[in-house]
Amino acid sequence: METIRLTIDNKTVEVPKGTTINKAAKEIGIDIPVLCWMELHDLNIENRPAGCRICVVEIDGRRNLAPSCATKCEEGMVVRTHTTRVLNARRTVMEFILSDHPKDCLTCPKSGNCELQTLAHQLGIREIPGQEIAAMSTYRKDTSPSIIRDLDKCILCRRCEMMCNEVQTVGALSAVNRGFMAVVAPAFEQNLEHSTCTYCGQCVAVCPTGALTEVDHTPEVLRALADPTKTVVVQTAPAVRAAMGELFGMKPGTLVTGKMVSALRALGFDYVFDTDFAADLTIMEEGTELLDRLNRFLQGDKTARLPILTSCCPGWVNFFEEYFPDLKDVPSTAKSPQQMFGAIAKSYFADKIGISRKDMVVISIMPCLAKKYECQRDEFSEDGNPDVDFSISTRELAAFIKQANIDFNNLEDGDFDAPLGESTGAGVIFGTTGGVIEAAVRTAYEIHTGKKLEKVDFTELRGFEGVRSATIDFDGFPLNIGIAHGLGNARKLLNDVRSGKSLFHAIEVMACPGGCIGGGGQPLHHGNSEILKARAAAIYEEDRNKPIRKSHENPFIIKLYEEFLGKPNSEKAHHLLHTQYFDKKKKIVVKQ
Amino acid sequence: MSSIKIELRQEDVDKIKDICASFNNEPQELINVLHKCQEHFGYLPAEIQEVVSQELSIPVAKIYGVITFYSFFTMTPKGKHPISICMGTACYVRGAEKVLDEFKKELGLEVGQTSKDGKFSLSSLRCVGACGLAPVVMIGDKTYGRVAPDDVKDILREYE
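On a predicted model such as this, the values are computed, not experimentally measured, just so you know. Along every chain, residues carry numbers that run from 1 in the direction the sequence is written. Chain letters start at A and ligand numbers start at 1, both assigned in the order the entries are written. Only residues with pLDDT of at least 70 are given local features in this predicted model, and only at 80 or more are side-chain atom pairs given and counted; all residues enter the totals for whole chains, interfaces and linings. Heavy atoms throughout the structure, all of them, feed into the side-chain values; hydrogens and water do not.

Undergrad: Is there a simple way to think about the overall build of chain B in this case?
TA: Within chain B, the regular secondary structure consists of seven helices and five strands. Under the DSSP-based scheme used, a helix requires at least four consecutive residues in state H or I and a strand at least two consecutive residues in state E, with every element numbered from the N terminus. Seen in sequence order, chain B has helices and strands lined up from the N terminus as β-α-α-α-α-β-α-α-β-β-β-α. With respect to the three principal axes, the spread of C-alpha positions in chain B is 50 × 30 × 25 Å. Exposure is judged per residue with a 1.4 Å probe applied to protein chains only, and the accessible area is read against the type maximum: over 50% gives exposed, under 20% gives buried, and values in between give partly exposed. Buried residues in chain B amount to 44% of all 160 residues. Contacts: residue pairs with any heavy atoms within 4.5 Å of one another. Sequence separation of at least 24 residues holds for 61% of the intrachain contacts in chain B that already meet a minimum separation of 6. Residue exposure ignores everything except the shown protein chains as possible cover, and the areas themselves are Shrake-Rupley values with a 1.4 Å probe. Accessible area for chain B stands at about 8600 Å²; split by element, carbon and sulfur atoms hold 49% of it.

Here it is in structure tokens:
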């Protein structure tokens, strides 16, 4: 590999050809400030519009300052990153950005976790010249079921646009208009709700300011907890426990399952249950559906649709309803774990404790913003009473715990309540890419072959590659599995399914890069993909530590079928645990 | 947003599809496709953008972004006599703004608007390459040079 030697701040560094100055500087411990630039290295995601000019440096022999995020190193280059000229330029750029930015940091939802705020502090900005006479651009606030757009706080870094278009290929957002009127918006500046948005929340996950945030449902949760007539039940998604510690100063990858349970109990939830239980239930239903389709297919039944696609991820469901409605009979009809949990809690469990579903409030803690929309879908309610009342994100729960002055770091570990709190390792790994299909394989293999698995770890299904495939030997039958995370990667697999080229029997899709651990409701990664890797490792650690690691061996799942549901895919199971999909593609109206 | 809600006729949809096909439905031909569509329809309402989006496989948000970026493209129908006032440097320093103000006053229109009877629409553009005649006004294909604010009434009278 060809390398290049250059000098940055009087230090010599040798880097591969094509390296940018910014990355070369990082190699020798020089952290050049950036704002619009962002990278998730392990996922091959990069935003490099070179638009903000915060990262400028001086290069000997060049008249103009150069943006270090986009300027490639050259042999013998002499770079200076903190000359008077550089510092003045950065300050001026920052003053310009701030002159058109609201100054309501005290009440901004991003305060304390805002990259713009951090940078203003780092650059020592104390006043903004010309503030009194400068005009401010304003734009209406747009609130959708999951996401709030407050474009007054947008600095046009276009990270959201890159995520929405290049990574997710959703294409809901684009820069529109010009000059002072420029904003990032859906087509025709409609509200997000009327666009092709899937609520995956990846725009929120990368927004450096308070321009894109989640709809905060903690006030509704607080109201439910304060109502003595309500029994409040909470479920926690697998990816939450692997990330929430970060918001309390813990190292990424710290598992906080026990502390999270104790905190929820301290907040006053009547029953602290686990979405992992419902994940085990999902495997029973989805795994049975897979085997049913597979057996019919092997017997030559032409109506058996393969591959089967997982359907746990609401962003993914929104995506195929919008872009692949012609394939809407291909995904599994199994509801997502969040919705399965709600349906069981408000039937089986409500009966058990002798209350009506109207007196029960089900709250979910999710790493996801699309879950907020999912629980509001009409088909997931009975007589106007939703199966899951409100969904709050990992970030919202952490903020709620802080609000209630609970000393999270020093909490004793608590245990989930029975019966909907018991889960297996298979339920836990739902939180990361490859996990749902691995959990399904663990159960489907044993049911299909009638043999016991010697090894439950299917490492060939794990990893961070955007599209992965593996063949699992089902006792002589090679089961071809495809995995995609990130909707752009899912689109590639779906195009093959549409054209009949797909050789897979089963495909797992998660909308967010990395899976739920990288969800739009998780603590912000600020472009550090090491954090996502640490969370994935934590999920697999939790799996390893579980005494039971196969969904069909969960004693409370077995009991649920015995007492209530009968068999997987039974009529009752279909009524409570399965759903249907809709064609949401925009139609061109032709005048008659 | 200034789009007018219309439904397309089948022949309009077919025309848009033909235009896209004449550029092999290549996404990078978007601007050429939009030029041809505007040439044919006079403007680019949301419905046309939706069809172009499907044909070229470009998100409609991106197409809207392009249309709102370039001032040549418009989502409102132009008048029968589209009036363009050059605001390029030469015209500007020779008083184009005063001429524009006079047109606004006479017609009761802002830049980008079309009169209710559909007769006139008002727009400004950057340099028509006739700087020697500054300030320049174009109405349809006809060019007026060295226009003074006092000339505006007489010019408009030609179109009555």
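Undergrad: When you look at the pairing of strand β2 (residues 11-16) of chain A in this model, what are you seeing that I'm missing?
TA: Along a regular strand, successive side chains alternate from one face of the sheet to the other. Residue and element names in this part refer to chain A. Bridging between strand β1 (residues 3-8) and β2 involves six bridges; their strand directions are antiparallel. From the neighbouring strand, Leu6 faces β2, where its bridge partner is Val13. Linking β1 to β2, which pair antiparallel, is a turn of two residues; within it Asp9 sits at a positive phi near 50°. Being paired, for any two strands, means DSSP has found at least two bridges between them.

Undergrad: So what exactly am I meant to see when it comes to the domain arrangement of chain A here?
TA: How big an interface is tends to be reported as the loss of accessible area on association of its parts. Residue and element names in this part refer to chain A. Along its sequence, chain A is organised into domain 1 (3-82), domain 2 (105-214) and domain 3 (218-398 + 417-577). Around 950 Å² of area is buried between domain 1 and domain 2 when both sides are counted, 75% of it from carbon and sulfur atoms. By definition, the buried area sums, over both parts, the 1.4 Å-probe accessible area that each loses when the two are put together. Among the residues of domain 1 in contact with domain 2, Leu35, Met38 and Asn47 are the three that bury the most area, contributing 50% of the side total. Each salt bridge in this description consists of a side-chain nitrogen of Lys or Arg and a carboxyl oxygen of Asp or Glu lying within 4 Å of one another. There are zero salt bridges connecting domain 1 and domain 2. Counting of polar contacts relies on pairs of N or O atoms within 3.5 Å, with two restrictions inside protein: one atom must be capable of donating a hydrogen and the other of accepting it, and residues adjacent in sequence are counted only when both atoms are side-chain atoms. Counting across the domain 1 and domain 2 interface gives four residue pairs in polar contact (both at pLDDT 80 or more). Contributions of two or more residues to the side of domain 1 that touches domain 2 are made by β3 (38-40) and β4 (45-47). These domain boundaries are the output of an automatic or database domain assignment.

Undergrad: Would you explain the sheet that holds strand β3 (residues 120-125) of chain B in this entry?
TA: Within a beta sheet, neighbouring strands are joined by backbone hydrogen bonds and run either parallel or antiparallel to one another. Residue and element names in this part refer to chain B. An order of β3-β2-β4-β5 is seen for the four strands of this open sheet, with the pairing classed as mixed. Whereas interior strands pair on both sides, the edge strands pair on one side only; in this sheet they are β3 and β5 (142-144). Pairs of neighbouring strands in the sheet enclose a mean axial angle of 20°, with direction left out of account. The pairing of strand β4 (residues 137-139) with β5 spans three bridges and is classified as antiparallel. Paired with Met138 across the two strands is Thr143, which belongs to β5. For every element, the axis is a line fit to its C-alpha atoms; helices are fit only across the contacting stretch, and the angle between N-to-C directions ranges from 0 to 180 degrees.

Undergrad: Would you take a moment to explain helix α1 (residues 10-22) of chain B for this structure?
TA: Given 3.6 residues per helical turn, the α-helix brings residues three or four places apart onto the same face. Residues and elements named next belong to chain B. Along its 13 residues, α1 runs 18 Å from first to last C-alpha, staying within 8% of the 18 Å computed at 1.5 Å per residue. The set of residues buried in α1 consists of Asp12, Val13, Ile16, Ile19 and Cys20. Projection of α1 onto a plane perpendicular to its axis shows the buried side chains occupying an angular sector of 120°, all on one side. Turned more than 90 degrees away from the buried face of α1, the exposed residues are Glu11, Asp18 and Ser22. Asn24, located one to two residues past α1, shows a positive phi value of around 55°. Expected helix span is taken as 1.5 Å per residue step, with the number of steps being one fewer than the number of residues. Relevant arc is that of directions from the helix axis to the C-beta atoms, nothing else.

Undergrad: Mind showing me how you'd approach the interface of chain B and chain A here?
TA: Across the boundary between the two partners, chain B contributes 22 residues, which contact 21 residues of chain A. A buried area of about 1800 Å², summed over both sides, lies between chain B and chain A, and 62% of it is on carbon and sulfur atoms. At the junction of chain B with chain A, the criterion picks out one salt bridge. Between A:Glu161 and B:Lys62 there is a salt bridge whose closest N-O contact spans 2.5 Å. Taken together, chain B and chain A are joined by five residue pairs in polar contact (both at pLDDT 80 or more). At the level of elements, β1 (8-9), α1, α3 (46-56) and α4 (60-69) of chain B are the ones that each hand at least two residues to the side of chain B that touches chain A. Per-element accounting of the side of chain B that touches chain A gives the leading share, seven residues, to α4(B). We call Asp, Glu, Lys and Arg charged. Ala, Val, Leu, Ile, Met, Phe, Trp, Tyr, Cys and Pro are nonpolar, and the rest, Gly among them, are polar. In terms of residue class, the side of chain B that touches chain A is made up of 12 nonpolar, six polar and four charged.

Undergrad: Can you help me understand the side chain of A:Asn554 in this one?
TA: Residues and elements named next belong to chain A. As for its placement among the helices and strands, Asn554 is situated in the loop between α17 (529-545) and α18 (555-565). Residue classification places Asn554 among the buried positions, given a relative accessible area of 1%. Among the polar contacts listed, one links the side chain of Asn554 to the backbone oxygen of Glu422, at a separation of 2.9 Å.

Undergrad: What exactly am I supposed to notice about a nonpolar patch on the surface here?
TA: Patch construction takes residues with relative accessible area above 30% that form no salt bridge. Like charges are linked within 9 Å, and nonpolar side chains (Val, Leu, Ile, Met, Phe, Trp, Tyr) are linked within 5 Å. The grouping of B:Ile31, B:Phe69 and B:Tyr70 at the surface amounts to a nonpolar patch, some 250 Å² of accessible area in total. Taking the relative accessible area as the measure of exposure, B:Ile31 reaches 33% and is therefore partly exposed.

Undergrad: How should the domain arrangement of chain B be read in this particular structure?
TA: Entries for chain B in the domain assignment read domain 1 (10-69) and domain 2 (81-157). Each of domain 1 of chain B and domain 2 of chain B has a C-alpha centre, and these two points are 29 Å apart.

Undergrad: Explain the side chain of A:Asp389 here, please?
TA: Structurally, A:Asp389 can be placed in the loop between β18 (385-386) and β19 (390-393). Within the structure, A:Asp389 has its side chain in polar contact with the side chain of A:Lys346 (distance 2.7 Å).

Undergrad: Explanation requested: the nonpolar core in the structure shown.
TA: Across soluble globular proteins, nonpolar side chains show a tendency to be buried alongside one another. Core analysis: the biggest nonpolar cluster contains 72 residues, and A:Met244, A:Leu264, A:Phe269, A:Trp316, A:Leu397, A:Ile401 and A:Phe408 have the highest contact counts within it. Inspection of this core shows a minimum of three residues originating in each of domain 2 (105-214) and domain 3 (218-398 + 417-577) of chain A. The contact partners of A:Ile401, leaving out residues within four places of it in the chain, are A:Met244, A:Phe248, A:Ala263, A:Leu267, A:Ile406 and A:Phe408. Throughout, nonpolar core names a set of buried Ala, Val, Leu, Ile, Met, Phe, Trp, Tyr and Cys residues whose side chains join them through atoms within 4.5 Å. In this structure, B:Leu34, B:Cys37, B:Val51 and B:Tyr64 belong to the second largest nonpolar core, which totals 33 residues.

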